[in-house]
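Residue-level structure breakdown
Residues per chain, in single letters:
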Amino acid sequence: MVKTVIAGSGWNNGPGKLHLINISENDGQSSLSQVSEIETGLNPMWIAKHPSKPVIYVVDSSDGRIGKIRFYSLPAKSAREPALKLLGEVSSEGCGPCHLSIDQKGEFIFVCNYDSGNFVVKEILDDGQIDNAVIFNVFHQPKALPHGYVESRQGEPHPHHSVVSPTNKSLLVCDLGLNTISTYSMNLDPPTDKSKSNTNPYSLKKKGEISLPNGAGPRQVSFHPSNNNILFCVNELDSTLTILHYDEPNGNLSILKTVPAYTEPSQPHSPPFPFYTSFSHASHISAKENALFIANRGADTISFWNISNIVITTKENNNNNNN
């Protein structure tokens, strides 16, 4: 069996590249082989695949400049020489774009601009390309943080990750710089009255916000695969995992528990970071295995979490079995 994955590589000196890689599995053994590669800007920070179209989206975080979102067509399975093909590009409308997400219907794309402190919503057209028009451009505002925040990375807004709820009715945004997760209600359904072409037919309204433990640095948030009320947030600056309860109708978040994101400490880092910091930075949820995987850069590990037995204990049923 052969599976194909796409990897991005590069940094601010460029050129960035996208690599088409085959993973071959045979008799319990796996092997990797690169099929093709293509240059893409300077720093391809995130890759997102359209849920139904053979198109991928890549955000290019150019050094100190307005970033780009590039979109590529995927090669047909029957192609003799498989390669990605550039379809076009649009502005990210901010500096330091670091993440892309797509709504459940595959009609809108969300980009977080880390350096300029804003996130942007644009429309995906029928052919998979992105319309250059801006649907929403939301800037997070600076705020004073309590003692314990990481001065070199926090105090200014740095949205790092966004995720659309499984219901497609809300958006959650992690801001590493403000140490918060914000919730937004949204309506992205097509307008029924086409005559009001001069007004924005869509809605995006902030509903709530929660601060994480001081110095946590929320980087990526994910929904439980079978419970829309449970969220997992990977915190980069103190290398922890925060489990949260989400009340979507009201937009409220509450912290259930925060635990270390890995078991073995990495090499000590100098202040202002905690003594043992692994800079946990990415997570992936497998619904099939009911598992959460977290990549830890400093420790150079991937930690595995069984999430099949999450139990929510309420005040009315407090039996000390909340795991």
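Residues numbered from 1 in each chain as written. Predicted model: local features only at pLDDT ≥ 70, side-chain atom pairs only at ≥ 80, totals over all residues. Heavy atoms only, no water.

**Some details on the overall build of the protein**
Within the protein, the secondary structure is distributed over zero helices and 22 strands. Classification of the 323 residues of the protein by burial places 45% in the buried group. For the protein, long-range pairs separated by at least 24 residues make up 43% of all intrachain contacts whose partners lie at least 6 apart in sequence. Accessible surface for the protein amounts to roughly 16,500 Å². Of this, 49% is attributable to carbon and sulfur atoms. (Helix = DSSP H or I, 4+ residues; strand = E, 2+ residues; numbered from the N terminus. Buried < 20%, exposed > 50% of the residue type's maximum accessible area, 1.4 Å probe, protein only. Contact = heavy atoms within 4.5 Å. Areas by Shrake-Rupley, 256 points an atom, 1.4 Å probe, with all protein chains shown as cover.)

**Some points on the nonpolar core**
Across soluble globular proteins, nonpolar side chains have a tendency to be buried as a group. Within the largest apolar cluster, 21 residues are counted, with the highest numbers of intra-cluster contacts made by Phe-110, Phe-119, Leu-171 and Leu-204. Where this core is concerned, the elements lending two or more residues are strand 9 (108-113), strand 10 (118-124), strand 11 (130-139), strand 13 (170-175) and strand 14 (180-187). Setting aside residues no more than four positions away along its own chain, Phe-110 makes contact with His-99, Leu-100, Ser-101, Ile-102, Asp-103, Val-120, Val-121, Ser-162, Val-164, Leu-171, Met-186 and Leu-188. (Core = buried A, V, L, I, M, F, W, Y, C linked by side-chain atoms within 4.5 Å.)

**Focus on the pattern of salt bridges**
Going through the model one piece at a time under the given rule, you end up with eleven salt bridges. Between Glu-89 and Lys-68 there is a salt bridge, with the nearest N and O atoms lying 3.7 Å from each other. With Glu-89 in strand 7 (residues 85-95) and Lys-68 in strand 6 (residues 66-73), this residue pair connects regions lying 21 residues apart in the sequence. With a relative accessible area of 40%, Glu-89 lands in the partly exposed category. Look at Lys-68 and you get partly exposed, because its relative accessible area is 29%. Linked through salt bridges whose partners overlap, the residues forming this network are Asp-60, Lys-68, Arg-70 and Glu-89. (Salt bridge = Lys/Arg side-chain N within 4 Å of Asp/Glu carboxyl O.)

**Section: the sheet that holds strand 11**
Read across the open sheet, the four strands follow the order 8-9-10-11; overall the sheet is antiparallel. What marks the edges here is a single partner per strand, and that holds for strand 8 (97-102) and strand 11. Direction aside, the axes of adjacent strands within the sheet are offset by 25° on average. (Pairing = 2+ DSSP bridges. Axes fitted to C-alpha atoms, helices over the stretch in contact; angles between N-to-C directions.)

**Some points on the sheet that holds strand 16 (residues 218-223)**
Overall, antiparallel pairing links the four strands, which are arranged 16-17-18-19 in an open sheet. In the strand order of this sheet, the two ends are held by strand 16 and strand 19 (252-260), each with one partner. Taken pair by pair, the neighbouring strands of this sheet meet at an average axis angle of 25°, ignoring direction. Where strand 18 (residues 240-247) meets strand 19, eight bridges bridge the pair, whose relative direction is antiparallel. Within the sheet, the bridge partner assigned to Ile-243 lies in strand 19 and is Lys-257.

**Regarding the side chain of Asn-179**
Residue position: Asn-179 is located in the loop between strand 13 and strand 14. What makes Asn-179 buried here is its relative accessible area of 5%. One polar contact links the side chain of Asn-179 to the main-chain amide nitrogen of Gly-217, over a distance of 2.8 Å. Excluding residues that lie within four positions of it along the chain, Asn-179 makes contacts with Gln-154, Ile-210, Ser-211, Leu-212, Pro-213, Asn-214, Gly-215, Ala-216, Gly-217 and Pro-218. (Polar contact = N/O pair within 3.5 Å; in protein donor to acceptor, adjacent residues only side chain to side chain.)

**Remarks on the pairing of strand 9**
Along any regular strand the residues' side chains alternate between the sheet's two faces. Of all six residues that make up strand 9, six are buried, and the element is covered over most of its length. On strand 9, burial covers both faces: Phe-108, Phe-110 and Cys-112 on one face and Ile-109, Val-111 and Asn-113 on the other are all buried. One ladder, built from five bridges, connects strand 8 with strand 9; its direction is antiparallel. Residue pairing across strands places Ser-101 opposite Phe-110, the latter belonging to strand 9. Linking strand 8 to strand 9, which pair antiparallel, is a turn of five residues; within it Gly-106 sits at a positive phi near 75°. As judged from the six bridges shared by strand 9 and strand 10, these two strands associate in the antiparallel manner. Bridge assignment links Asn-113 to a residue of strand 10, and that residue is Asn-118. Joining the antiparallel neighbours strand 9 and strand 10 is a turn of four residues, in which Gly-117 adopts a positive phi near 75°.

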